[in-house]
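Examination of the molecular architecture
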Amino acid sequence: MHEAPLECSHGICNCSLTGSVDGAEVYCSDYCRESDESGVESETCACGHPECDTP
């Protein structure tokens, strides 16, 4: 199993995290895992991580 920096799979999230490269979606938080990207009107992600709190 290889580990690599991966971007959060939530489209508007700017976070990156280290995860296994196995093709599975990765998320930095439960907010991103559970949010519906089609219902997001803001250009920023509300996951609470500093890199996503800036426009």
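Everything discussed here concerns the structure shown above.
As a starting point, this report considers the structure included with it. Quantities reported herein were computed from a predicted structural model and do not represent experimental measurements.

**Observations concerning the pattern of salt bridges**
- Applying the stated rule across the entire model yields one salt bridge.
- Notably, a salt bridge pairs Asp 30 with Arg 33, separated by 3.9 Å at the nearest N-O pair. Of this pair, Asp 30 and Arg 33 both sit in helix 1 (residues 30–34), three residues apart, which is roughly one turn of the helix.
- In this structure Arg 33 comes out as partly exposed when scored by relative accessible area, which is 47%.

**As for the nonpolar core**
- Counting nine residues, the largest nonpolar core is built from Cys 8, Cys 13, Cys 15, Tyr 27, Cys 28, Cys 32, Cys 45, Cys 47 and Cys 52.
- Those residues within four positions of Tyr 27 in sequence are excluded, and the remaining contacts are Cys 8, Ser 9, His 10, Leu 17, Cys 32 and Arg 33.

**Here we look at the environment of Cys 32**
- Tracing the sequence through the fold places Cys 32 in helix 1.
- Considered as a pair, Cys 32 and Ala 46 are 14 residues apart in the sequence and their alpha carbons are 8.3 Å apart.
- With near-sequence residues (within four places) excluded, Cys 32 lies in contact with Cys 8, His 10, Cys 13, Tyr 27, Cys 45 and Cys 47.

What counts as what
- Residues numbered from 1 in each chain as written.
- Predicted model: local features only at pLDDT ≥ 70, side-chain atom pairs only at ≥ 80, totals over all residues.
- Heavy atoms only, no water.
- Salt bridge = Lys/Arg side-chain N within 4 Å of Asp/Glu carboxyl O.
- Helix = DSSP H or I, 4+ residues; strand = E, 2+ residues; numbered from the N terminus.
- Buried < 20%, exposed > 50% of the residue type's maximum accessible area, 1.4 Å probe, protein only.
- Core = buried A, V, L, I, M, F, W, Y, C linked by side-chain atoms within 4.5 Å.
- Contact = heavy atoms within 4.5 Å.

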